[in-house]
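A closer look at the structure
These are the residues of each chain, in order.
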Amino acid sequence: MKILEPEHVTLPICLAEDSNERAFLRSFLKPGFVFWDIGACYGLYTGPASRLVGDSGSVLSFEPNPEAYQLLLQTIKLNNLTNVSPNEVAVSDHLGEVDFHISTRVNHGSLGKPHEGENKTIKVQSVTIDSLIEAGCPAPSLIKIDANGAEPLVLKGGQRLWYLSPKNKNSPPTLIVKFNKQHQGMPPSEECHIYLPSFYSWFKIDGEGKLVGPVQASVNKPNPGGKGHQNLVAYPSVLVHS
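Computed from a predicted structure; not experimentally measured. (Residues numbered from 1 in each chain as written. Predicted model: local features only at pLDDT ≥ 70, side-chain atom pairs only at ≥ 80, totals over all residues. Heavy atoms only, no water.)

Comments concerning the sheet that holds strand 3 (residues 84-87)
- If you walk across this open sheet you meet the eight strands as 3-2-1-8-9-12-10-11, and the pairing is mixed. Because the sheet does not close on itself, it has two edges, and the strands there are strand 3 and strand 11 (211-212).
- Two strands pair when backbone bridges link them, and strand 1 (residues 34-38) and strand 8 (residues 142-145) are joined in this way by four bridges, in the parallel orientation. Bridge pairing in strand 8 places F35 opposite L142.
- Each of strand 1, strand 2 (58-62) and strand 3 touches helix 3 (residues 46-53); the most contacted strand, strand 2, lies at about 165° to it.
- Strands strand 2 and strand 3 of the sheet are contacted by helix 4 (residues 66-78), whose axis makes an angle of about 165° with strand 3. (Pairing = 2+ DSSP bridges. Helix = DSSP H or I, 4+ residues; strand = E, 2+ residues; numbered from the N terminus. Contact = heavy atoms within 4.5 Å. Axes fitted to C-alpha atoms, helices over the stretch in contact; angles between N-to-C directions.)

Some details on the pairing of strand 1
- A large share of strand 1 lies buried, amounting to five of its five residues.
- Alternating residues of strand 1 divide into V34, W36 and I38 and F35 and D37, and every residue in both groups is buried.
- Inspection of the sheet shows strand 1 paired to strand 2 by five bridges, in the parallel sense. Each bridged residue has a counterpart across the sheet, and for F35 the counterpart in strand 2 is V59.
- As for the winding sense of the linkage, the β-α-β connection from strand 1 through helix 3 to strand 2 is right-handed. (Buried < 20%, exposed > 50% of the residue type's maximum accessible area, 1.4 Å probe, protein only. Right-handed = clockwise from strand over helix to strand, strands pointing away.)

Comments concerning unusual backbone geometry
- Following G213, the chain continues into P214 via a peptide bond in cis, with omega recorded as 15°.
- Its location among the elements puts P214 in the loop between strand 11 and strand 12 (229-236).
- In this structure, C41 is a non-glycine residue whose phi angle is positive, near 50°.
- Secondary-structure assignment places C41 in the loop between strand 1 and helix 3.
- In this structure, N148 takes a positive phi of about 50° despite not being glycine.
- You can see N148 is positioned in the loop between strand 8 and helix 6 (151-156).

Encoded structure:
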């Protein structure tokens, strides 16, 4: 798997940081599954997920940062990932144009107020999870959300999908959500649980990709490496088997 990264990002470090999460991908995704990569950056999740779901499955990738999006397109082309649909949009809680603050680091940008090093603000198109479903996108089996602090807004935009899936005899998607320290102008990550039904529980991921918990939806205990974030899995207890 060839993944293009910007010069200032060391790929082995990125791979090591998310090794537990990608182990979970390998255990969860099967041929025919649908994976949504929200905050795809340059394809660290998109690439492996494409291989795992195979020709009978599909991957939808969303990345509003223009530089990261171009790297994502190159990753898709280099690896001939024909089942990936890339989208240069932000995913949040409403439709229309939004301000997106671009960092000097390609994998850092935010819908919140500018941080130090976020030296340019551009307008990008915003969609919601529910609007994507209404537009005919395939319902996801698994969603990864890494929106640099806007994760609660992403979840807020998927209310119909979370609540109507069981009523329509469909299994709600499982979610991998990055919990960040609060970004300026963004809700704290602890609010993520507010926008999901009570049949979701939160779990940590161990080194073998197995779920540990349930745990509290919080970023109070950052990763062992000192990072001010951690990825948690929201797993629905309401599963519909055909």
